[in-house]
Amino acid sequence: MPWGILPPMKGFLVLLVSILSFSGASGQDARELAAAKEQFAVADRELNAVYQTAKARLPGYRFEEIQEEQRDWITYRDDRSLAGAQFDGGAREGSEKENPSYWETAAALTESRTEILRGWLKADQFGTDWEGVWSDGFGGRLYLRETGPGGVEF
């Protein structure tokens, strides 16, 4: 009789070990996801703080440009984050936001966007006749500075 019970118990033990192994990996995945979400939350709070400062300090016409650009950028950020989760993180369609790559991509793009907004805040505070940052609004930047008569550094 004990021999008749052993094969089902052996199967049960294999199943139990498999479940415990899966839970450990899943726990690590959950920690990575939580850390990535927190990284994005920090970047997003900083972006919102700089955005509010820009709203308060910049002339209305300039802030309206930023506001319109910001709407386009949010769409870009979300689309690029989805692609990051699918291609970099291997996420299946529909589960991208449960992949750390989604939030890591969103955080990196948000940090970049924050620097662009900081550039707008400094636009009238440059030390030479002219210098500035040209932005495509999606993370690409070109720094320009007058170096003298007819000279430009970028």
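Figured I'd write up the structure that's included with this text. Computed from a prediction, not measured in an experiment: that's the story for all the values here.

## So, the overall build of the protein
Here is step 1 of the chain: On a plain count of helices and strands, the protein comes out with three helices and three strands.
Here is step 2 of the chain: Counting from the amino terminus, helix and strand elements in the protein follow one another as α-α-α-β-β-β.
Here is step 3 of the chain: Residues classed as buried in the protein amount to 27% of the 154 residues present.
Here is step 4 of the chain: Put simply, of all contacts in the protein between residues at least 6 apart along the chain, 57% involve residues at least 24 apart.
Here is step 5 of the chain: Accessible surface, the protein as shown: approximately 10,300 Å² in total, 58% of it carbon and sulfur.

## Topic: the pattern of salt bridges
Here is step 1 of the chain: Here the structure, examined in full by the defined rule, presents five salt bridges.
Here is step 2 of the chain: As a salt-bridge pair, Glu 46 and Arg 118 come within 2.1 Å of each other at their nearest N and O atoms. Of this pair, Glu 46 sits in helix 1 (residues 2-57) while Arg 118 sits in helix 3 (residues 100-121), and the two are 72 residues apart along the sequence.
Here is step 3 of the chain: Connected via shared salt-bridge partners are Glu 46, Glu 115 and Arg 118.

## Overview of the packing of aromatic side chains
Here is step 1 of the chain: The full count for this structure, using the stated rule, is four aromatic pairs.
Here is step 2 of the chain: A centroid spacing of 5.4 Å and a plane angle of 55 degrees characterise the contact between Phe 40 and Trp 103, whose relative ring orientation is tilted. Placement of the pair is Phe 40 in helix 1 and Trp 103 in helix 3, with a sequence separation of 63 residues.
Here is step 3 of the chain: A residue is classified by how much of its surface remains accessible, and Phe 40, at 13% relative accessible area, is buried.
Here is step 4 of the chain: Within the aromatic cluster, the residues linked to one another by ring pairs are Phe 40, Tyr 102 and Trp 103.

## Concerning a negative patch on the surface
Here is step 1 of the chain: Judged by side-chain charge, Glu 64, Glu 65, Glu 68 and Asp 72 come together as a negatively charged surface patch.
Here is step 2 of the chain: Structurally, the position occupied by Glu 68 is in helix 2 (residues 60-88).
Here is step 3 of the chain: Judged by its relative accessible area of 53%, Glu 68 is exposed.

Criteria and cut-off values
- In every chain, residue numbers begin from 1 and rise along the written sequence.
- With pLDDT at 70 or above as the cut-off, local features in this predicted model cover only qualifying residues; side-chain atom pairs require 80 or more to be listed or tallied, and sums for whole chains, interfaces and linings still use all residues.
- Excluded from the side-chain calculation are hydrogens and water; included are all heavy atoms of the structure.
- Going along the chain from the N terminus, every DSSP run of H or I of four or more residues is numbered as a helix, and every run of E of two or more is numbered as a strand.
- Here the term buried applies to any residue with accessible area under 20% of the maximum for its type, exposed to any over 50%, and partly exposed to those in between, with areas from a 1.4 Å probe on protein chains only.
- A contact between two residues is defined here by any heavy atoms of the two lying within 4.5 Å.
- Calculation of accessible area relied on Shrake-Rupley with a 1.4 Å probe; when residues are assessed, cover is drawn exclusively from the protein chains displayed.
- The salt bridge criterion pairs a side-chain nitrogen of Lys or Arg with a carboxyl oxygen of Asp or Glu, the two atoms within 4 Å.
- What counts as a ring pair is set by centres within 6.5 Å for rings of Phe, Tyr and Trp (its six-membered ring), and what kind of pair is set by the plane angle: stacked under 30 degrees, edge-to-face over 60, tilted for all other angles.
- Like charges within 9 Å and nonpolar side chains (Val, Leu, Ile, Met, Phe, Trp, Tyr) within 5 Å are joined into patches, using only residues over 30% in relative accessible area that form no salt bridge.
- When charges are counted, Lys and Arg contribute as positive and Asp and Glu as negative, whereas His and the chain ends are disregarded.
- A charge is said to be at NZ when it belongs to Lys, at CZ for Arg, at CG for Asp and at CD for Glu.

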